[in-house]
Amino acid sequence: HVELAESGGGLVQDGGSLRLTCTASGRIYSTYAMAWFRQAPGKDREFVATLIWSGSKTYYAEAVKGRFTISGDNAQNTVYLQMNNVKPEDTGVYFCAKAPLWQLNVERESSYEYWGQGTQVTVSS
């Protein structure tokens, strides 16, 4: 059983930066992808970014491209989301997720087998 634990959320001002961390309870193998999704109040959960653990290929939602960076630390079984130039519309609960490559559609929630509990990010204007 894999557990994912997010941390690093909080209150940040418009234009500021924040780094989210997701730590997996076990090793993240090269046959998996790690991702971040978010859910704003009253809205559906949406894709933010995905990292292919082998090869480090990344995918981003258009809304965050150029501002957010997903990265991983293999030795620490940890994935990060560096959020720069944040905007009020980035407010929401951010979730970490893990998916096997053989069923991966990066933007589809159902691809991901494991999810964390989420961490709240609030951007004030």
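Residues numbered from 1 in each chain as written. Predicted model: local features only at pLDDT ≥ 70, side-chain atom pairs only at ≥ 80, totals over all residues. Heavy atoms only, no water.

Engineer: Explain the state of the cysteines to me, please; I cannot follow it from the model alone.
Structural biologist: Simply put, the disulfide is a covalent bond whose two ends are the sulfur atoms of two cysteines. Per the stated rule, a full pass over the model turns up one disulfide. Each sulfur of the disulfide joining Cys 22 and Cys 96 lies 2.0 Å from the other. Between Cys 22 and Cys 96, the S-S torsion sits near -75°, and that sign places the bridge as left-handed. One end of the pair, Cys 22, is in strand 3 (residues 18–24); the other, Cys 96, is in strand 9 (residues 92–100), and 74 residues separate them in sequence. (Disulfide = S-S within 2.5 Å. Helix = DSSP H or I, 4+ residues; strand = E, 2+ residues; numbered from the N terminus.)

Engineer: Before we go on, may I ask you to explain the sheet that holds strand 8 (residues 78–83) in this structure?
Structural biologist: Hydrogen bonds between backbone atoms are what pair the strands of a sheet, whose relative direction is either parallel or antiparallel. The strand order across the open sheet built from four strands is 1-3-8-7, with neighbouring strands paired in antiparallel fashion. A strand with exactly one partner marks an edge of an open sheet, and here the two such strands are strand 1 (4–7) and strand 7 (68–73). Across the sheet, the axes of successive neighbouring strands diverge by a mean angle of 15°, strand direction being ignored. Here strand 1 runs beside strand 3; their pairing, made up of four bridges, is antiparallel. Looking at the pairing, Ala 5 lines up with Thr 23 of strand 3. (Pairing = 2+ DSSP bridges. Axes fitted to C-alpha atoms, helices over the stretch in contact; angles between N-to-C directions.)

Engineer: Please explain unusual backbone geometry as it appears in this structure.
Structural biologist: Across the chain, the bulk of peptide bonds are trans and the bulk of non-glycine residues have phi less than zero. If you check the backbone angles, Asn 77 has positive phi at about 50° while not being a glycine. Here Asn 77 lies in the loop between strand 7 and strand 8. In this structure, Asn 85 is a non-glycine residue whose phi angle is positive, near 50°. With respect to the helices, strands and loops of the structure, Asn 85 is situated in the loop between strand 8 and strand 9.

Engineer: I'm lost on the environment of Ser 111 in this one. Help?
Structural biologist: In this structure, Ser 111 sits in the loop between strand 9 and strand 10 (114–115). Taking the relative accessible area as the measure of exposure, Ser 111 reaches 3% and is therefore buried. Residues Ser 111 and Lys 87, 24 residues apart in the sequence, show an inter-C-alpha distance of 28 Å. If we skip the residues at most four places from it in the chain, Ser 111 touches Ala 99, Pro 100, Gln 103, Leu 104 and Asn 105. (Buried < 20%, exposed > 50% of the residue type's maximum accessible area, 1.4 Å probe, protein only. Contact = heavy atoms within 4.5 Å.)

Geometric descriptors of this kind do not, in isolation, establish any biological role.
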